[in-house]
Amino acid sequence: MPNQHPSAIPYAIGAVLIIFGILRAQYLGAPRAPRLSDDAEEDDTVAKAEVRGPEQRRHLRMGVVWVLLGLFLVISTLMQMRRR
């Protein structure tokens, strides 16, 4: 007789992927203010916009990928359990 109750492992892994994907995209993928060198004037009147470098773009993309993978894992597990 097959096991009728859903396994918690795919749901836990999916939840972890979703949570850490959101955190990665939010905190590591956020744009950062450019660093000023020691030679730069402190009273510079030109406001520099926050820049998103290649590292931040990579973290943002991978965070979105993690969220999508977690959602796929949870949804596919739900669909597989409903079929049984």
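Conventions adopted
Residues numbered from 1 in each chain as written. Predicted model: local features only at pLDDT ≥ 70, side-chain atom pairs only at ≥ 80, totals over all residues. Heavy atoms only, no water. Patch = residues over 30% accessible without salt bridge, like charges linked within 9 Å, V, L, I, M, F, W, Y side chains within 5 Å. Areas by Shrake-Rupley, 256 points an atom, 1.4 Å probe, with all protein chains shown as cover. Salt bridge = Lys/Arg side-chain N within 4 Å of Asp/Glu carboxyl O. Helix = DSSP H or I, 4+ residues; strand = E, 2+ residues; numbered from the N terminus. Buried < 20%, exposed > 50% of the residue type's maximum accessible area, 1.4 Å probe, protein only. Axes fitted to C-alpha atoms, helices over the stretch in contact; angles between N-to-C directions. Parallel < 35°, antiparallel > 145°, perpendicular 65-115°, else oblique. Left-handed = near helix turned anticlockwise from the far one by under 90°. Nonpolar A, V, L, I, M, F, W, Y, C, P; charged D, E, K, R; others polar. Expected span 1.5 Å × (residues − 1). Contact = heavy atoms within 4.5 Å.

Engineer: Give a detailed account of a nonpolar patch on the surface, specifying residues and quantitative values.
Structural biologist: Among the surface-exposed residues, Val16, Ile19, Phe20, Leu23, Tyr27 and Leu28 lie close enough to one another that they form a single nonpolar patch of about 580 Å² accessible area. Assignment of secondary structure puts Tyr27 in helix α1 (residues 8–28). Of the residues examined, Tyr27 reaches a relative accessible area of 56% and is grouped as exposed.

Engineer: Lay out the packing of α1 against helix α2 (residues 54–83) in plain terms, naming residues and giving numbers.
Structural biologist: Two quantities define a packed helix pair, namely the angle between the helix axes and the distance between the axes. It is the contact of α1 with α2, at a shortest axis distance of 7 Å, that shows an interaxial angle of 160°. The angle between α1 and α2 falls in the class roughly antiparallel. Along this stretch, α1 crosses α2, giving a crossing that reads as left-handed. A class-by-class count of the residues in the contact of α1 with α2 yields 20 nonpolar, 7 polar and 1 charged.

Engineer: Please provide a residue-by-residue account of α2, values included.
Structural biologist: The terminal C-alpha atoms of α2 lie 43 Å apart, and with 30 residues this matches the ideal 44 Å at 1.5 Å per residue to within 8%. If you check which residues of α2 are buried, you get Gln56, Gly63, Val67, Gly70 and Thr77. Each element contacted by the buried residues of α2 is listed here: α1.

Engineer: Break down the environment of Ala33 for me, with residues and values.
Structural biologist: One can find Ala33 in the loop between α1 and α2. For Ala33, a relative accessible area of 51% puts it in the exposed group. Once the C-alpha coordinates of Ala33 and Arg52 are considered, the two residues, 19 residues apart in sequence, prove to be 8.6 Å apart.

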